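Chain by chain, the residues:
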Amino acid sequence: MTRSDPDSCPGVLRLHEAADGPLARIRVPGGQLSPEQLQALAAAAVDLSDGNIELTSRGNVQFRQVRDAAALSEHLTAAGLLPSATHERVRNIIASPLSGRVGGWTDVHPLVPALDAGLRAAPRLAELPGRVLFTLDDGRGDVSGLGGDIGIHALDENTYALLLAGNDTGVRVPPAEAVDLMLAAAHSFLELRDAQWRLHEIPDGRARVTDHLLTARTDLDASGDPIEVVARQDIPIGWLTQHDDKIALGAGVRLGSLPARTAEFIAAIERPILLTPWRSLVITDLDEWPAEQVVRVLAPMGLIFDANSPWLQVSACAGMPGCAKSLTDVRADATAAVDSGRVLPTATTQSPREGLDSTEVIASGRQHWSGCDRRCGRPKGAVTDIIATPDGYTITPAD
Ligand code: SF4
């Protein structure tokens with residue numbers, strides 16, 4: 001596939017003109033936020049946008065209705081959230097959120113700043129399209145299936161598989177070489193691309209990038225037994241005991257929209273925060289008693305600590321009024337469906353339906369509501385589509 005337009009992914013320095021006003025996207029590599037940075041985001045949400053922090057499917061954040069772009073970039077720079085003007089849109093890095101704390105072969109989080117620094121240090125890599133995604137999976141398989149372009153997947157404590165265009169290449173490297181190999185793959189992608197935004201859009205892109213890498217490094221080969229990569233919905237929710245006996249609290253966020261006031265409360269806990277690619281977050285490194293108090297305070301504010309909550313099944317695109325293409329306010333309709341008990345457990349069977357009024361939509365399990373058939377923000381994997389059409393909603397069950 002050859003694109004005729006440059007990618008239009010927004011950043012902080014290049015806003016998207018949404019129907020409800022300018023939209024800014026802030027990259028948060030690995031979803032890693034300090035409490036001070038979350039507080040800075042909360043302040044910016046109140047002072048410079050619509051008062052909410054939107055979580056994205058890449059563990060980044062967005063502001064809607066941005067009022068002063070220059071003030072926003074100054075504020076984010078001071079908070080360390082905009083470390084590069086040239087490379088801001090290429091810092092799309094997802095890492096297994098619980099890595100190093102709960103499960104997994106190894107801790108991929110220390111590789112995130114190294115990869116981020118490597119990207120920013122290479123002037124040529126500023127040319128990467130804003131859609132290119134890096135994934136670092138600690139072996140549990142939670143992020144390798146999220147459609148990354150360039151990724152590593154731990155096979156044991158000392159070996160990473162290189163993934164390209166979401167699939168295994170057979171190339172294996174030790175941890176010390178993983179970041180350099182991903183950066184080399186990014187350079188190869190740029191050499192091969194015409195106007196493509198993603199590696200999978202280049203004919204034989206995965207094989208050709210692999211050949212580039214093997215030509216440059218004769219000590220590598222692609223003989224590893226292939227691993228299967230699958231998309232999973234692996235939201236960490238609730239009470240999680242870390243390897244060091246501290247507590248991590250996984251919290252769902254309704255439709256991925258975090259009110260600034262709630263974010264301020266989370267920041268005040270003064271613990272590291274991880275944003276996940278499932279539009280949720282994890283508050284880490286808590287002692288037991290404080291963790292209990294956090295749940296007591298934040299659950300009534302709308303954060304979800306119950307893994308059986310129907311909110312965890314539902315996602316929605318921006319819809320009306322944020323998107324001019326939207327036929328309806330899908331977020332309000334999805335909210336009404338949850339509140340009135342029309343989001344059913346996963347095991348319930350369902351059939352395709354069409355021409356439905358919003359109040360007639362009843363669907364089970366993982367579901368994504370869209371204001372038109374472009375289905376923006378649809379999660380990977382088995383997801384029921386609920387799409388607004390001029391004739392009412394259609395329901396297309398997950399495969
Ligand atoms: S799915 Fe349609 S309505 Fe929703 S954000 Fe995308 S273009 Fe807009």
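**Quick word on the site of the ligand**
In step 1: Surveying the vicinity of the ligand reveals the residues C317, A318, C323, K325, S326, G371, C372, R374, R375 and C376.
In step 2: For the shell around the ligand, a count of residues per class yields five nonpolar, two polar and three charged.

**Focus: the pairing of strand β7 (residues 134-137)**
In step 1: Residue alternation in β7 divides its side chains into two sets, F134 and L136 and T135 and D137, and both sets are buried.
In step 2: Bridge count between strand β6 (residues 93-95) and β7: three bridges; the pairing is parallel. Residue A95 lies in a different strand from β7, and its bridge partner there is L136.
In step 3: The parallel pair β6 and β7, bridged by helix α3 (residues 111-121), forms a crossover whose chirality is left-handed.
In step 4: In this sheet, strand β8 (residues 150-156) lies alongside β7 in parallel orientation, the contact comprising four bridges. For L136, the partnering residue across the bridge sits in β8 and is I152.

**Considering the domain arrangement of the chain**
In step 1: Once the domains are mapped, the chain shows domain 1 (238-309) and domain 2 (311-396).
In step 2: For domain 1 versus domain 2, the separation of C-alpha centres amounts to 26 Å.
In step 3: Counting residues at the interface gives nine residues for domain 1 and nine residues for domain 2.
In step 4: Interface area, domain 1 with domain 2, both sides summed: about 810 Å², of which 60% is carbon and sulfur.
In step 5: Counting across the interface, domain 1 meets domain 2 through zero salt bridges.
In step 6: Linking domain 1 with domain 2 are three residue pairs in polar contact (both at pLDDT 80 or more), by the criterion used here.

**What about the pairing of strand β4 (residues 52-55)?**
In step 1: Strand direction decides the pairing type here: β4 and strand β13 (residues 257-259), joined by three bridges, are antiparallel. By the bridge assignment for β13, N52 is matched with P259.
In step 2: The pairing of β4 with strand β5 (residues 61-63) spans two bridges and is classified as antiparallel. Residue E54 lies in a different strand from β5, and its bridge partner there is Q62.
In step 3: The antiparallel hairpin formed by β4 and β5 contains five residues in its connecting segment, where G59 sits at a positive phi of about 70 degrees.

Cut-offs applied
- Residues numbered from 1 in each chain as written.
- Predicted model: local features only at pLDDT ≥ 70, side-chain atom pairs only at ≥ 80, totals over all residues.
- Heavy atoms only, no water.
- Near = heavy atom within 4 Å.
- Nonpolar A, V, L, I, M, F, W, Y, C, P; charged D, E, K, R; others polar.
- Buried < 20%, exposed > 50% of the residue type's maximum accessible area, 1.4 Å probe, protein only.
- Helix = DSSP H or I, 4+ residues; strand = E, 2+ residues; numbered from the N terminus.
- Pairing = 2+ DSSP bridges.
- Right-handed = clockwise from strand over helix to strand, strands pointing away.
- Domains from an automatic or database assignment.
- Contact = heavy atoms within 4.5 Å.
- Buried area = accessible area lost by both parts, 1.4 Å probe.
- Salt bridge = Lys/Arg side-chain N within 4 Å of Asp/Glu carboxyl O.
- Polar contact = N/O pair within 3.5 Å; in protein donor to acceptor, adjacent residues only side chain to side chain.

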